[in-house]
Amino acid sequence: MTQTPTRTPRTRRPSLAGTLRAVGYAAGLPALALLAWVLATDRSASLYFPSPTTIASTFAATWFGPALTTDVLPSLGRFAIGVLLSIVIGVVAGTAIGTTRWLRDLLEPMLEFFRAVPPVVLVPVLMLMLGVGDSMRIAVIVSGCVWPVLLNTVEGVRGVDTVLTETSRSYRVRGLLSLRSVVLPAASPQIMAGIRLCLSIGLILMVISEMFASSSGLGYRIVYFQRSFMIAQMWSGIVLLGLVGVAVATLYGFAERRVLHWYHGMREVARG
Amino acid sequence: MADTTHEKPSETRSGALLSVRDLGKTYAVGSGEVEAIRSISFDVRAGELVCIVGPSGCGKTTLLKCLSGLLAPTAGSVALDGQTVLAPPKKMAVVFQEYGRSLYPWLSVQDNVGLPLKARGVPRGERDDTVRAALEEVGLGHALTAFPWQLSGGMQQRVAIARAIAYEPEVLVMDEPFAAVDAQTRADLEDLVRRVWQDLGVTVLFVTHDIDESVYLGERVLVLSSSPTVVQEDLSVDLPAERDQISTRALPQFTELRTHVHEQIQRAKRGDRAGLPA
Ligand SMILES: Nc1ncnc2c1ncn2[C@@H]1O[C@H](COP(=O)(O)OP(=O)(O)O)[C@@H](O)[C@H]1O
Ligand SMILES: [Mg+2]
C-alpha cells in the first residue's frame, strides 16, 4: 500500500532537564517578585505591606484553625455548587436553545440583556428574594456564571459542521445518540472555553457574595480582617484566594485535556 | 426544510430500484433564485454501477442530496423501491466529497464506522464484528483504534467507505469521493469501489467530474449537461468486468468511450442540446 503510515500525535515524554526548565520558567517570576517583596519590606516596617515571612507565619495560624471549617470549606462548597449548577443549566439550556430555532429567536435578545447586567447588582434583589443564606450566595454565583457556559453552548451547538450534520442525517443518527455522540462533542471546545470563564467569574462572585450581610466565608473574613486592621491576616487571605485560583485552573486543565484530547491532537496534526 | 419521516408509495417503472422523475431543484438565494437542476429523469436497476459525470457546478451534489433525501427537490420526485424518498432512506449510504469533514474527529475509526449501526440498535457484539469486517474489506483492519485525523486523506476516505459498507445499504451513493487524493491513492480507491461492488452486490451511484474515472469505473455513464442541468446522454460501458488500471485504460474501447463522453461534455458546455431526448 502506498498510504502514509498512521501518524500518532507527538506525545514526547518530557526529559528531566525539560521538566526542570518548565518549572524554572513557571516559578521564576513569582520567585523574583517574592524576593523583591522580602527586600522591600525588610527595611521599611510598613503597616500595610507586611513581609512575606510574617504573612506565611500568619497563614497557617489563620486558616488551618477553626476558620477552615467555618469559612474556607463552606465558601469552596458554595463555589463548587454554584459552578456545577451553572454548567448543568448552561449546557442543558444552551443545547435546547441552540438546536431549537423558535426558542432561539424568542430568547436571544433577552439573553444578551441578562448577560449585560453585572451580577453584582443582582445581589440586593437576590437578597430580597432568597434571604441572606447559602441559597442567595449560590444564586449570585450562578447568576454570573451561567452566561458564558450558556452562550458558548448555543454557539457551539449551532456551529456543528454542515457536512457532519448531513452525515448524521443520512445515517439516521438521531435523538439522544446524536446529542451525545455528535452535537455535544462537536460543541465541546466552545463549551469548555465557557466553563473556563465560568470558573474565574465564579471565584470572584464567591468572594463578593460573602461581602454583603454575611458572618462567615472567605470573602467575609478578608473584609473583616481589613476592617479590624489585621493586615497580615488580610494578606494571607488574599494569598489563599490566589492558591485556590491556581488549584481550580489546574483541575480545569486536567479535565480539558481529557475531554478535548481529540481536539488538541487534531490541531497538532494540522500544524504539522 | 420540512423533515418528513414517512415514505409514501408511488408508481415506478417495473424493475427499477431507483427511479428519478423530472427532478428539478431551484435554490432560493436571498431574493433571487438559482436553478441548479432543470429536469433529470433516469432509472437505476438493482446491482448496477452507474457513474454520473458532469462539469463542476452542474448540480451533481445537488442531485445526490435530492436522491439521498437530504434535500427536497422543487420539482419531480425520487423513488427507491417504489417508495418516494422524502427523508434519508434506510437502504442508502452516502460517501461525501469532503471526507475530512464527514468523519467524527472525537470518535476512533471503529466508533465512526459503528455509530450508524448503534443508531439502528445493532447489539454490541454483532456491531463490533460488522465494523471489523468492513474495515478489513477496505484494508484498514489495523487502524481500528486510531483517530481519523491521524490518517492520510486516502485512508480517511477508506474509513468513510467502510462506514458505508458496514451500514449494509442496497444503494451506495458517492459524491466525488476521490477528488482530493493523489493519483496513486485514487487508482487504489477506484479498484476498491469496483471490488466492493462485485463482492457485495450493492447498487452504486458514483458521481465524478473526471471523465476517465467515470468510464473506468462505470457499467453505465450518465452525462449531465452544464447548468441548468439535464441528462445529456445515457451511455452503457461495454468494457470487460475485470478491470485493470493499466490494461483497461489501454483498450481502444476505453479511448473511444472517453473521447465520446468528452465530446458530449464539450457540447454540454457550449449549451448544445440538439438531439436531446425530450
Ligand atoms: N445551498 C445552495 N444555495 C444556493 N445555491 C447553491 C447551493 N448549493 C449549490 N448551489 C448552486 O447550485 C449549482 C450546483 O451546485 P452543486 O450541486 O454543488 O454542483 P456540483 O456538485 O456539480 O459541483 C451551483 O451553481 C451552486 O452555486
Ligand atoms: Mg459537488
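Fair warning: this is a prediction, and the values are worked out from it, not measured in the lab.

Topic: the domain arrangement of chain B
Residue and element names in this part refer to chain B. By the assigned domains, chain B splits into domain 1 (5-91 + 169-270) and domain 2 (103-167). Distance between the C-alpha centres of domain 1 and domain 2: 25 Å. Taken together, the two surfaces of domain 1 and domain 2 that pack against each other cover about 1,100 Å², and 67% of this comes from carbon and sulfur. The largest share of the area that domain 1 buries against domain 2 comes from Pro169, Leu189 and Leu192, three residues that together contribute 33% of it. For the salt bridge of arginine 195 with glutamate 137, the shortest nitrogen-to-oxygen distance reads 3.8 Å. The interface formed by domain 1 and domain 2 contains 2 residue pairs in polar contact (both at pLDDT 80 or more). Mapped by element, the contributors of at least two residues to the side of domain 1 that touches domain 2 are strand E7 (171-175) and helix H6 (183-200).

Quick word on the confidence of the model for chain A
Per-residue confidence for chain A averages 87 on the pLDDT scale, and 93% of its residues sit at or above 70. Of the regions scoring below 50 in pLDDT, residues 1-5 of chain A engages in 11 contacts with residues more than four places distant in sequence or in other chains.

Remarks on the packing of helix H3 (residues 67-99) of chain A against helix H8 (residues 175-209) of chain A
All names here are of chain A. Running from amino to carboxyl end, H3 crosses H8 at an angle of 145°, the nearest separation of the two axes being 9 Å. Between H3 and H8 lies a crossing of right-handed hand. Residues Ser75, Leu76, Phe79, Val83, Ser86, Ile87, Val91 and Thr95 of H3 form the contact with H8, whose own contacting residues are Leu179, Leu184, Ile191, Ile195, Cys198, Leu199, Gly202, Leu203 and Met206. A per-class count over the contact of H3 with H8 returns 13 nonpolar, 4 polar and no charged.

Some remarks on the pattern of salt bridges
All names here are of chain B. Inspection of the entire model under this criterion finds 24 salt bridges over all chains. With its nearest N and O atoms 2.9 Å apart, the salt bridge here joins aspartate 81 to lysine 91. One end of the pair, aspartate 81, is in the loop between strand E4 (75-80) and strand E5 (83-84); the other, lysine 91, is in the loop between E5 and strand E6 (92-95), with 10 residues separating them in the sequence. Residue aspartate 81 is classed as partly exposed on the basis of its relative accessible area of 38%. Lysine 91 gets classed as partly exposed once you look at its relative accessible area, which sits at 31%.

Here's the deal with the nonpolar core
Residues and elements named next belong to chain B. Among the nonpolar cores identified, the biggest contains 68 residues, and Leu135, Val138, Ile161, Leu172, Val204, Phe206 and Val261 are the most heavily contacted of them. With 8 residues, helix H5 (residues 153-166) is the largest single contributor of residues to this core. When residues of this core are sorted by domain, at least three fall in each of domain 1 (5-91 + 169-270) and domain 2 (103-167). Residues in contact with valine 138, not counting those within four places in the same chain, are Arg158, Ile161, Ala162, Ile165 and Leu192.

Remarks on the environment of alanine 187 of chain A
Residues and elements named next belong to chain A. You can see alanine 187 is positioned in helix H8. Overall, the relative accessible area of 0% leaves alanine 187 in the buried class. C-alpha of alanine 187 to C-alpha of threonine 153: the two residues are 34 residues apart in sequence and 6.6 Å apart in space. Aside from chain neighbours lying at most four places away, what touches alanine 187 is Gly156 and Val157.

Some details on the environment of valine 146 of chain A
Along the chain, valine 146 of chain A falls in helix H6 (residues 134-158). Setting aside chain neighbours within four positions, we find valine 146 of chain A in contact with Ser86, Ile89 and Gly90 of chain A.

A closer look at the interface of chain A and chain B
At the interface, 32 residues of chain A touch 41 residues of chain B. Between the two partners, chain A and chain B, sit 2 salt bridges. We note a salt bridge from glutamate 166 of chain A to lysine 65 of chain B, for which the minimum N-O separation is 3.3 Å. Our count for the chain A to chain B interface comes out at 7 residue pairs in polar contact (both at pLDDT 80 or more).

Focus on the sheet that holds strand E10 (residues 229-236) of chain B
Residue and element names in this part refer to chain B. Within the open sheet, the 10 strands sit side by side as E5-E4-E1-E2-E10-E9-E3-E8-E7-E6. Their pairing is mixed. Taken across any chain shown, the strands that pair with only one partner, and hence form the sheet edges, are E5 and E6. Sheet topology note: the strand E3 (residues 49-53)/strand E8 (residues 203-208) ladder contains 5 bridges and is parallel. Its bridge partner lying in E8, isoleucine 52 is registered against valine 207. Sheet strands in contact with H6 are E3, E7 and E8, and its direction is about 155° off that of E8. Relative to E10, helix H9 (residues 252-270) is tilted by about 165°, and along the sheet it contacts E3, strand E9 (220-224) and E10.

Rules used in this analysis
- Residues numbered from 1 in each chain as written.
- Chains lettered and ligands numbered in written order.
- Predicted model: local features only at pLDDT ≥ 70, side-chain atom pairs only at ≥ 80, totals over all residues.
- Heavy atoms only, no water.
- Domains from an automatic or database assignment.
- Buried area = accessible area lost by both parts, 1.4 Å probe.
- Salt bridge = Lys/Arg side-chain N within 4 Å of Asp/Glu carboxyl O.
- Polar contact = N/O pair within 3.5 Å; in protein donor to acceptor, adjacent residues only side chain to side chain.
- Helix = DSSP H or I, 4+ residues; strand = E, 2+ residues; numbered from the N terminus.
- pLDDT = per-residue confidence, 0-100.
- Contact = heavy atoms within 4.5 Å.
- Axes fitted to C-alpha atoms, helices over the stretch in contact; angles between N-to-C directions.
- Left-handed = near helix turned anticlockwise from the far one by under 90°.
- Nonpolar A, V, L, I, M, F, W, Y, C, P; charged D, E, K, R; others polar.
- Buried < 20%, exposed > 50% of the residue type's maximum accessible area, 1.4 Å probe, protein only.
- Core = buried A, V, L, I, M, F, W, Y, C linked by side-chain atoms within 4.5 Å.
- Pairing = 2+ DSSP bridges.

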